[in-house]
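Here's the letter readout for the chains.
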Amino acid sequence: MNTLPRKYAFNWDVIGTDVQEARPALGLYTSFEVYRLLQFTLRDVLESRYGTKAADEIFREAGTLAGKAFFERYCADATDIPSLVKTIQQEFRTLGIGIVRFEKTDTKTMTFQLTVDEDLDCSGLPDTSDHICVYDEGFIKGIFDSFTGKDFTVQEVDCWCSGARTCRFKATLP
Ligand SMILES: [Zn+2]
């Protein structure tokens, strides 16, 4: 953390909350191409300035911030893991983030494995040997960290881009 003055510290108010006022004709939604255009141009600039590793770290950290904001806005009513899981599934679908399935939910060890089909960040991208959804790793971490007050490690173990045609994430406590 640095001590530079902040102009853009995130909270929901900075992006505007009244869609009727903001976009009376166009409404809430845009295309996934426009979303990816923002993500991938930002990533391009970050990578060329700071290198791949730092760009990934920045994306993961931003994802964590987003996951925490998502939790505050959409998951406030979740009282236990099953209700959190249900809320994540519903909201990811409604918001067009992806189709979530939980493959493993071990509340004793707090180990979770989930897949995200049709993932907003990577579904349909050309094959690489890479797992590229570092923003999603952070996003899922942000949700679980917020709910539990703990510090999860989330790793993407399969990705559309690595040939799996879904993104699979493992969330564990260190
Ligand atoms: Zn992926």
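Residues numbered from 1 in each chain as written. Predicted model: local features only at pLDDT ≥ 70, side-chain atom pairs only at ≥ 80, totals over all residues. Heavy atoms only, no water.

An unreviewed UniProt entry annotates the protein chain as 4-vinyl reductase originating from Desulfobulbus oligotrophicus.

### Here we look at the UniProt feature "domain: 4-vinyl reductase 4VR" (unreviewed entry) in the protein chain
The sites that UniProt annotates as "domain: 4-vinyl reductase 4VR" (unreviewed entry) are residues 111-173. Regarding residues 111-173, the helix share stands at 24% and the strand share at 30%, and the terminal C-alpha atoms are separated by 7 Å. (UniProt positions renumbered as here; feature names shortened; annotations may be inferred. Helix = DSSP H or I, 4+ residues; strand = E, 2+ residues; numbered from the N terminus.)

### Things to note about the packing of aromatic side chains
Under the defined criterion, the tally for this structure stands at 13 aromatic pairs. Considering the side-chain rings of Phe112 and Phe144, the 4.6 Å spacing of their centres and the 15° angle between planes classify their relative orientation as stacked. In this pair, Phe112 is assigned in strand S2 (residues 111-117) and Phe144 in helix H5 (residues 134-148), connecting sequence segments 32 residues apart. For the pair formed by Phe112 and Phe144, the shared burial category is buried. When the ring of Phe144 is compared with that of Phe152, the centres are 5.4 Å apart and the planes differ by 40°; the resulting orientation is tilted. With a relative accessible area of 1%, Phe144 lands in the buried category. (Phe/Tyr/Trp six-rings, centres within 6.5 Å; stacked < 30°, edge-to-face > 60°. Buried < 20%, exposed > 50% of the residue type's maximum accessible area, 1.4 Å probe, protein only.)

### Things to note about the pattern of salt bridges
In this structure the tally under the stated criterion is 9 salt bridges. The closest approach of N and O atoms between Glu57 and Lys53, which form a salt bridge, is 3.1 Å. Residue Glu57 and its partner Lys53 are located together in helix H3 (residues 52-74), separated by 4 residues, close to a single helical turn. On the accessibility criterion, Glu57 (41% relative accessible area) is partly exposed. Taking the relative accessible area as the measure of exposure, Lys53 reaches 64% and is therefore exposed. A salt bridge links Arg165 to Asp127; its shortest N-O distance comes to 3.0 Å. Residue Arg165 is located in the loop between strand S3 (153-158) and strand S4 (167-172), and its partner Asp127 is located in the loop between S2 and H5; the two are separated by 38 residues in the primary sequence. A relative accessible area of 38% means that Arg165 is categorised as partly exposed. Salt bridges sharing common partners tie together Glu103, Asp158 and Arg168. (Salt bridge = Lys/Arg side-chain N within 4 Å of Asp/Glu carboxyl O.)

### Description of the pairing of strand S1 (residues 99-106)
As defined by bridge partners, S1 adjoins S2 across 7 bridges and the pair is classed as antiparallel. Along S2, the bridge assignment pairs Val100 with Val116. The hairpin formed by S1 and S2 contains 4 residues between the paired strands, and Met110 there has a positive phi angle of roughly 50°. (Pairing = 2+ DSSP bridges.)

### Thoughts on unusual backbone geometry
A positive phi angle, near 55°, is found at Glu118, a position not held by glycine. In this fold, Glu118 is placed in the loop between S2 and H5.

### Some points on the coordination of the zinc ion
Cys122 (SG), Cys133 (SG), Glu156 (OE), Cys159 (SG) and Cys167 (SG) make up the full set of protein donors to the zinc ion, lying at 2.1 to 2.8 Å. All donors of the zinc ion come from a single chain, and their spacing in sequence reads C-x10-C-x22-E-x2-C-x7-C. Classification of Glu156 as buried rests on a relative accessible area of 2%. (Donors = N, O, S within 2.8 Å, 3.2 Å for Na, K, Ca; no water.)

### Some details on the sheet that holds S1
In spatial order, the strands read S1-S2-S4-S3; together these 4 strands make up an open sheet with antiparallel pairing. Two strands in the sheet have a free side with no partner beyond their single neighbour: S1 and S3. Sheet twist, expressed as the average angle between the axes of neighbouring strands with direction ignored, equals 20°. Note: S3 against S4, 5 bridges, orientation antiparallel. Its bridge partner being in S4, Glu156 is matched across the sheet by Phe169. Helix H4 (residues 81-94) contacts S1 and S2 of the sheet and is inclined by roughly 165° relative to S1. Contacts from H5 reach S1, S2, S3 and S4 within the one sheet, and its direction differs from that of S3 by about 140°. (Axes fitted to C-alpha atoms, helices over the stretch in contact; angles between N-to-C directions. Contact = heavy atoms within 4.5 Å.)

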